[in-house]
Amino acid sequence: MKKRVLALILTGIMTAGLAGCGGSKPAADSAASEAPAQEETAPEADASESEESTAPASDKTDGFVVGFSNGYWGNTWRAQMIEDFETQAEKYKSEGILSDYMVSNTDSDAAEQLNQINAMIDAGVDAIMIDAVSPTTVRSAVERARKEGILVVITNDPAAYEDTICVCGDNYSWQQIQAKWLAEQLGGKGDIVVINGVAGNSADTFRQKANDEVLSAYPDIKILGAAPGSWSQTEAQSVMTTFLSSYDKIDAVLEQDVMGEGVLKAYENAGKELPIMTGDYTKAFLQKWNELPDLNTIGVSYAPGNAVPALDVTVRLLQGKTLKEEVLEPNPMDENLVNTIMLDPPYVITREAQPDAVWMEGLSGTKAISLEEAIEMMKDQADTAAVDGWISEEEVDAFFE
C-alpha cells in the first residue's frame, strides 16, 4: 500500500520536472534508541523497485501516520517548532486525515537520529519529515524509507536526496538581510566579530555563505574573529566574553538568532558600551531592546512555524496531489535536484518599520514591522517565544494542481 501511495507522489514529482534530477503519540524517542543505525553506504533501489514506482496509485486520502525527526534540541526555538507541528498534526488528526503522528528529537547526534528514523519506519509510518543533524547524515535512512514506499519530506534545514521533497526556510536570504543591515549601519567600514550557529548544520552553512558574500562587497569591514555559538545564549555569552577580552575595539557583532541576549549579557558584565549588533526576535529580547533606547539592532524572524506548511505539503502529497512545476526550486544543497519549496522569513523588525530599506529588496513574502508592532504581537506569549508566522493552508493548496 505504501509503495502504491508513493508511486502517485513520485509521478507528480516527475511531472514537476524532477525525473532524472537525480492526540497520543507513540514514544518514538525511547523506541528509536533500540533500532540499529544503518550504514551510510546503503545501496540504491534495484530495478524491480524502480519498476514498482509506476504501479497504480492508492486512493487512500486519510488515516495516515506521519513521523517528524528533529535533529537538534538545544533551544526554545526548536521546542516552538515542535509545538507548531504538533498543533497542526492534532488538527489533521481531529479531521481523520491523520490517524496518528510521532515526534523524535536528538541533540545533534547523527547516530541517534538514524536510530529514531529507523524506528519510525519499523512503526509503519506513511511519511517521515526530517530536519537532519547535517545534510548528509541521514542518507541510509532516507534510502530505506524510499525502498519501503515511505514519503520523505526534508523540513526546515535543507538536504539533497533524490525522490524527496524539501520544504525549508530560506536561510541564505534570512542572513543576507542582517548582513546587509549591519554593513549599512557601519557605513561600510569597521571592525566586527561573528558568532555563528551549529557547525556543520546546513542552516549555518548557508548563513555563513550569505555573510561572506554580502561582506565581500565591503572591503573596509574587517572580521576580527568568528566562532560558533551553537544557537545557545550561554555559549554565545562565553564566545562574546572571549572576544571582548581579545579585542580592544569591536564596532559591531554579526550573530545569528536566539543568541542576542547572550551577547548583551557579555557586554553588560564587561561594563562596555553596546555595539551595533544583529539581534533576536524572541519576546524577551524585544522587551530588552525596548528598554535600551541606544541599542541599534534588528530582528529577522526565522519562523519555527516552517514546520506547519511542511506538514501541510506532506499531507497533500500523501493524498495524491501533484505539485505545480513552477513551485519547485533547485535544492540549495544540489542545484541539479529541483525539489524544493523555499519559505521567506515572515517579518523583519527594526525600531521603526523600514519596508523600503536596501535589505528588504527582493523579499516578496516578508513584511517590515516596527519594534512596537512586534511587542504588541507577542504580548500574550511566553518570554521565550519567537515571533512566528507561516503561510495558510489556502496558500499551500495553491502549490498544487
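Okay, so let's go over this structure. Since the model is a prediction, treat every value here as computed from it, not as a measurement.

Calculation notes
Position numbers for residues count from 1 along each chain, tracking the sequence in the order it is written. Where local features are concerned, this predicted model is filtered to residues with pLDDT of at least 70; where side-chain atom pairs are given and counted, the filter is 80 or more; whole-chain, interface and lining totals use all residues. Water and hydrogen atoms play no part in the side-chain values, which are based on all heavy atoms of the structure. Helix numbering and strand numbering both begin at the N terminus, where a helix is a DSSP run of H or I of at least 4 residues and a strand a DSSP run of E of at least 2. To be clear on the numbers: accessible area is Shrake-Rupley with a 1.4 Å probe, and residue cover counts the displayed protein chains and nothing else. At least two DSSP bridges between two strands are needed for those strands to be called paired. The working definition used for a salt bridge is a side-chain nitrogen of Lys or Arg within 4 Å of a carboxyl oxygen of Asp or Glu. A simple rule labels every residue: compare its accessible area, found with a 1.4 Å probe on the protein chains alone, to the largest value its type can have, and call it buried under 20%, exposed over 50%, or partly exposed in between. We call two residues in contact when some of their heavy atoms are within 4.5 Å. By convention, a stacked pair of Phe, Tyr or Trp rings (six-membered ring in the case of Trp) has centres within 6.5 Å and planes under 30 degrees apart, an edge-to-face pair has planes over 60 apart, and any other such pair is tilted. A cavity here means a set of 1 Å grid points, computed over protein atoms only, where a 1.4 Å probe fits but cannot escape. A pocket is an open set with protein on both sides within 12 Å along at least 5 of 7 lines, and lining residues have an atom within 4 Å of a point. Grid points are joined across faces, edges and corners, and a volume is the space filled by probe spheres set on the points. Under this grouping Gly is polar, as are all residues other than the nonpolar Ala, Val, Leu, Ile, Met, Phe, Trp, Tyr, Cys and Pro and the charged Asp, Glu, Lys and Arg.

**Some details on the overall build of the chain**
For step 1, the next point in the chain: Counting its regular elements, the chain contains 14 helices and 14 strands.
For step 2, the next point in the chain: Looking at the chain as shown, the accessible area adds up to about 16,100 Å², and 46% of this sits on carbon and sulfur atoms.

**Quick word on the sheet that holds strand β14 (residues 367-370)**
For step 1, the next point in the chain: Spatial ordering of the open sheet is given by β10-β13-β14, a layout of three strands whose pairing is mixed. Unpaired on one side and paired on the other, β10 (299-300) and β14 mark the two borders of the sheet.
For step 2, the next point in the chain: As paired elements, strand β13 (residues 347-350) and β14 share four bridges and run parallel to each other. Directly across from Ile-349, in β14, lies its bridge partner Ile-369.

**What about the pattern of salt bridges?**
For step 1, the next point in the chain: All told, the structure shown has 17 salt bridges when counted by the stated rule.
For step 2, the next point in the chain: Glu-143 is paired through a salt bridge with Arg-146; the nearest N and O atoms lie 3.0 Å apart. With Glu-143 and Arg-146 both in helix α6 (residues 139-147) and three residues apart, the pair spans about one turn of that helix.
For step 3, the next point in the chain: Its relative accessible area of 16% is what places Arg-146 among the buried residues.
For step 4, the next point in the chain: Across the salt bridge formed by Lys-249 and Asp-251, the nearest N and O atoms sit 2.6 Å from each other.
For step 5, the next point in the chain: Here the salt bridges share partners, and the residues they tie into one network are Lys-91, Glu-95, Arg-316, Glu-393 and Asp-397.

**Thoughts on the environment of Val-315**
For step 1, the next point in the chain: Topologically, Val-315 is positioned in helix α12 (residues 307-318).
For step 2, the next point in the chain: In this structure, the C-alpha to C-alpha distance between Val-315 and Leu-98, residues 217 residues apart in sequence, is 8.3 Å.
For step 3, the next point in the chain: Setting aside chain neighbours within four positions, we find Val-315 in contact with Tyr-92, Ile-97 and Leu-98.

**Details of the packing of aromatic side chains**
For step 1, the next point in the chain: What the rule picks out here adds up to seven aromatic pairs.
For step 2, the next point in the chain: Measuring from ring centre to ring centre gives 6.0 Å for Phe-85 and Tyr-101, while their planes differ by 80°; the resulting arrangement is edge-to-face. With Phe-85 in helix α4 (residues 76-94) and Tyr-101 in strand β2 (residues 98-105), the pair connects residues that are 16 residues apart, well separated along the chain. Each member of the pair, Phe-85 as well as Tyr-101, is classed as buried.

**Re empty space enclosed by the protein**
For step 1, the next point in the chain: Roughly 90 Å³ of volume is contained in the largest cavity.
For step 2, the next point in the chain: Taken together, Tyr-72, Asn-75, Trp-77, Arg-78, Asn-156, Asp-157, Ala-203, Arg-207, Trp-231, Asp-257, Val-258 and Tyr-302 make up the full set of residues lining the largest cavity.
For step 3, the next point in the chain: Secondary structure elements with two or more residues in the lining of the largest cavity: α4 and α8 (202-215).
For step 4, the next point in the chain: Across the lining of the largest cavity, the residue classes tally to six nonpolar, two polar and four charged.
For step 5, the next point in the chain: The computed volume of the second largest cavity comes to approximately 40 Å³.
For step 6, the next point in the chain: Ser-173, Gln-176, Ile-177, Lys-180, Trp-359, Glu-361 and Leu-363 together form the lining of the second largest cavity.
For step 7, the next point in the chain: The residue makeup of the lining of the second largest cavity, split by class, is three nonpolar, two polar and two charged.

By themselves, these observations are geometric and do not establish any function.
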